[in-house]
Amino acid sequence: MHAHPFDPYVPTASPVHALDPRIKLALVLSFLLGVALTPHGAWAALILFFASLMAAVVLSGISPWRILRRSLIGLPFALAAFPLLFTTAGAEWFSFHAGSWTITATGEGLRRFLSIALKSWISVQAALLLSAATPFPDLLLALRAFRVPQLLVSVIGLMWRYLFVLADEAIRLMRARDARSGIEPGRRPGGGVIWRARVAGGMAGSLFVRGFDRADRVYAAMLARGYDGETRALPAPPVAPVQYAVLAAGCVWLALLILIGILVH
Amino acid sequence: MLLHDLKSVWMRHRPLWMGFGLTGVWLATTAMHIPDGFLSLVVALIFWALAILAIGYALSRVRGELKERQVPMMGILAAVIFAGQMLNFSVAGGTSGHLLGAALAAILIGPWPAVLIMTCVVSVQALIFQDGGLLALGANLFNMAVVGVFVAWGIYRLIRKITPDTRWSKLLAGFLAAWASIEIASLVAAIQLALSGTSPANVAIPAMAGIHAIIGLGEGLITIGALAFLMAVRPGLLDDKSAPGESRLVWIGGLAAAILLAVLSPLASAHPDGLEWVAEQTGFLDAAQGPAYEIIPDYVLPGISNEAAATILAGVVGVGIVLAAAWLVTRIRKSSAAG
């Protein structure tokens, strides 16, 4: 598997990297479940969830800034929940006049909106840590252990193997388009939007043809190496008891945080 | 009288006008991958179950039909669709359109393998690139890998059946299939958000439908371009992908789903009370916390009598946890450097 600017994996030696991928995936899923189960407005619990995650990031040796910076990608989606500020029933927080109408924001609406945005932000960071601290082949192992059907795991594995090859192919197509397009300052390159979309379509078609051809060659190469339709993997190594202990401790801690969220709330 | 009507229309749709612009910005940037935190747990689990059922059935169909040759083919096509999303074209004001690919996949290799390919693409987007959440993955799979593919397939087959078999028939069918797959998938996403009580139905549905009607045009145009290219270069790729007879159920099902959603969504939008009622019911985890935990009235953590104090305490404890982790790391590094 190649190193590529897309690949989010950060290779460092740390306790988080050393954790068995199956345990890591289970912990991240429990974490996400825990955040989802925490009631809206339980700030104390959400702060503790965030702190636990940051502690794991610090332990992993990955720069917390890297995780925080990347976690911002999910924030625009928070706008979907923004109307809640005005549509949730509750005590008035502030109101303003637009034309002759009064628009009222409620405290309850603010609480709901902030909770959704915060929960989403914390969840994205957990997923970021998982992909930064787990190499892709290990994730495939975890998926297999989670009983994802073998056919899907094989397709995902092949897809990851060729993703970077085809991404390079796409970059070459775009470089070729740039090379053919004269750019004059103050003028938009190319024709109208429809024309540009059709050019992009031709590039997509070209990518498909190259993909089909590559699939033929890959299949021939696999046949030559004895491929018979089955993807075989080494038996997964057993999970060490210590790792199970980490999982149990993690789950107890998460359960405690959910409980705090519900009780303090 | 007229003024009164106008006022009531405004009052009724007040959140709509305010939400429209903001929601539009968001939708134009993030397509339709729902992140974690936006779906209630019940809605997320229901759509996980639906997605697993549909994908499981697709798996059993593909296992029966495919030869071993198609496993590398599916892997590489998934990579093509993934990489194809990089091919963008500028629209206006810094925004750009790009391909999502459910329709092209369905047209080129048939609906069942296309479901699996889109499943792999959407899963890896969530798992590795945080494009869409992990708990919300079931809903995203349902929208893009199941609904998107089957609506595209249904529309494509319908147009191909009712128009003469010409180049234009294929291009038109491809365009409408691509547009409808985006539009209908976005409607399902809007309904999921409304069911979760995250976005009011009368905001989410018109906003999603409006923006994706435009995004769908881009998808349709790229699909036409790709089909025209493939017809010129590899005409054989566009031959019919379905086994005769049996496939009718599949495309008619996809078409029926498209029509049902296209009719139901405006209804739900005009009468948001119904969806909001369901949201209240499915949001029972949120609602039930009141009665279920008030067995001991005003019970809070022992020794902490107020929520603000608890929040401050949580902040202090949180900083402590992070500092402890940092201390542990420096200790481990020192000892490993010494050893």
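About the criteria used
Residues numbered from 1 in each chain as written. Chains lettered and ligands numbered in written order. Predicted model: local features only at pLDDT ≥ 70, side-chain atom pairs only at ≥ 80, totals over all residues. Heavy atoms only, no water. Helix = DSSP H or I, 4+ residues; strand = E, 2+ residues; numbered from the N terminus. Rg over C-alpha atoms; globule rule 2.2 N^0.38 Å. Buried < 20%, exposed > 50% of the residue type's maximum accessible area, 1.4 Å probe, protein only. Contact = heavy atoms within 4.5 Å. Lys, Arg positive; Asp, Glu negative; His and termini not counted. Charge placed at Lys NZ, Arg CZ, Asp CG, Glu CD. Areas by Shrake-Rupley, 256 points an atom, 1.4 Å probe, with all protein chains shown as cover. Core = buried A, V, L, I, M, F, W, Y, C linked by side-chain atoms within 4.5 Å. Buried area = accessible area lost by both parts, 1.4 Å probe. Salt bridge = Lys/Arg side-chain N within 4 Å of Asp/Glu carboxyl O. Nonpolar A, V, L, I, M, F, W, Y, C, P; charged D, E, K, R; others polar. Axes fitted to C-alpha atoms, helices over the stretch in contact; angles between N-to-C directions. Parallel < 35°, antiparallel > 145°, perpendicular 65-115°, else oblique. Phe/Tyr/Trp six-rings, centres within 6.5 Å; stacked < 30°, edge-to-face > 60°. Expected span 1.5 Å × (residues − 1). pLDDT = per-residue confidence, 0-100.

Asker: Which parts of the structure should I look at to understand the overall build of chain A?
Answerer: Per the secondary structure count, chain A includes 10 helices and two strands. Counting from the amino terminus, helix and strand elements in chain A follow one another as α-α-α-α-α-β-β-α-α-α-α-α. Here the C-alpha radius of gyration of chain A, 24 Å, is well above what a compact globule of 265 residues would show, namely 18 Å. Counting only C-alpha atoms and orienting by the principal axes, one finds that chain A spans roughly 70 × 65 × 30 Å. When burial is assessed residue by residue, chain A has 50% of its 265 residues classed as buried. Taking contacts inside chain A between residues at least 6 apart in sequence as the whole, the part at least 24 apart equals 73%. Separation between the mean location of the 24 positive side-chain charges and that of the 13 negative ones in chain A comes to 3 Å.

Asker: Before we go on, may I ask you to explain the overall build of chain B in this structure?
Answerer: Counting its regular elements, chain B contains 13 helices and two strands. Of all 339 residues assigned to chain B, the portion counted as buried reaches 54%. Carbon and sulfur atoms form 71% of the exposed surface of chain B, whose accessible area is close to 14,700 Å².

Asker: Please explain the nonpolar core as it appears in this structure.
Answerer: Ranked by internal contacts, the top residues of the largest apolar core, which has 179 residues, are Phe208 of chain A together with Leu116 of chain B. For this core, the element with the most residues is helix H8 (residues 167-195) of chain B, which contributes 17 residues. Sequence-distant contacts of Leu116 of chain B, defined by excluding residues within four places in its chain, comprise Leu151 and Leu152 of chain A together with Ile55, Ala58, Leu59, Val62 and Met74 of chain B. Leu19, Ile23, Ala26 and Val239 of chain A belong to the second largest nonpolar core, which has six residues in total.

Asker: Is there a simple way to explain the interface of chain A and chain B in this structure?
Answerer: Accessible area lost during the coming together of the parts is what is often quoted as the interface size. In this complex, chain A contributes 102 residues to the contact, which on the side of chain B involves 101 residues. Together, Phe77, Phe208 and Phe212 of chain A form the three largest contributors to the area buried by chain A at its contact with chain B, with a combined 9%. Salt-bridge contacts for Asp213 of chain A lead to Arg234 of chain B; the nearest nitrogen and oxygen are separated by 2.9 Å. It is helix H9 (residues 193-224) of chain A that contributes the most residues to the side of chain A that touches chain B, 24 residues altogether. Of the residues contributing to the side of chain A that touches chain B, the split by class is 76 nonpolar, 16 polar and 10 charged.

Asker: Sorry if this is basic, but what is going on with the packing of helix H3 (residues 43-60) of chain A against helix H10 (residues 241-264) of chain A here?
Answerer: All names here are of chain A. Put simply, H3 and H10 touch, their axes get as near as 8 Å, and they point 155° apart. Classed by the angle they form, the pair H3 and H10 counts as roughly antiparallel. Together, Ala45, Leu48, Phe49 and Ser52 of H3 and Trp253, Leu254, Leu257, Ile258, Ile260 and Gly261 of H10 make up the contact between the two elements. When the residues that make up the contact of H3 with H10 are grouped by side-chain class, the tally is eight nonpolar, two polar and no charged.

Asker: Explain the environment of Gly211 of chain A to me, please; I cannot follow it from the model alone.
Answerer: Examined against the element boundaries, Gly211 of chain A turns out to sit in helix H9. For the pair Gly211 of chain A and Arg177 of chain A, spaced 34 residues apart in the sequence, the C-alpha separation amounts to 19 Å. In contact with Gly211 of chain A, other than residues within four places in its own chain, are Leu166 of chain A together with Ile76 and Val80 of chain B.

Asker: Help me out: how do you make sense of the packing of aromatic side chains in this one?
Answerer: Think of a pair of aromatic rings as described by two things: how far the centres are apart, and how the planes are tilted against each other in angle. Going through the model one piece at a time under the given rule, you end up with 12 aromatic pairs over all chains. Their ring planes at 85° and their centres at 5.4 Å tell us that Phe82 of chain A and Phe113 of chain A sit as a pair that is edge-to-face. You can see Phe82 of chain A sitting in the loop between helix H4 (64-71) and helix H5 (84-87) and its partner Phe113 of chain A sitting in helix H6 (residues 107-133), a full 31 residues away along the chain. Overall, Phe82 of chain A belongs to the partly exposed group, its relative accessible area being 23%. Relative to Phe150 of chain B, the ring of Trp112 of chain B has its centre 5.1 Å away and its plane inclined at 65°; by these criteria the two rings are edge-to-face. Of this pair, Trp112 of chain B sits in helix H6 (residues 111-129) while Phe150 of chain B sits in helix H7 (residues 137-162), placing them 38 residues apart in sequence. By relative accessible area, which is 10% here, Trp112 of chain B ends up buried.

Asker: Is there a simple way to explain H3 of chain A in this structure?
Answerer: Residue and element names in this part refer to chain A. Taking 1.5 Å of rise per residue, 18 residues should cover 26 Å, and H3 covers 26 Å from first to last C-alpha, within 8% of that figure. A large share of H3 lies buried, amounting to 13 of its 18 residues. Where H3 terminates, the next one or two residues include Gly61, which has phi positive at roughly 75°.

Asker: Where do I start with unusual backbone geometry in this structure?
Answerer: Negative phi is the rule for most residues except glycine; trans is the rule for most peptide bonds. Not every positive phi belongs to a glycine, and Arg147 of chain A is a case in point at roughly 65°. The phi angle at Gln130 of chain B is positive, at roughly 55°, despite the residue not being glycine. Inspection of the secondary structure puts Gln130 of chain B in the loop between H6 and H7.

Asker: Could you clarify how one ought to interpret the confidence of the model for chain B in this entry?
Answerer: Atomic detail in the predicted coordinates should be set aside for any region of low pLDDT. Residue and element names in this part refer to chain B. When the pLDDT values of chain B are averaged, the result is 78; 73% of them are 70 or greater. When pLDDT is averaged over each element of chain B, H7 comes out on top at 93 and helix H12 (residues 284-293) at the bottom at 40. Within the model, the stretch residues 283-303 combines pLDDT values under 50 with 18 contacts to residues more than four positions away or in other chains. Scored by ipTM, the complex comes to 0.88, with pTM at 0.84.

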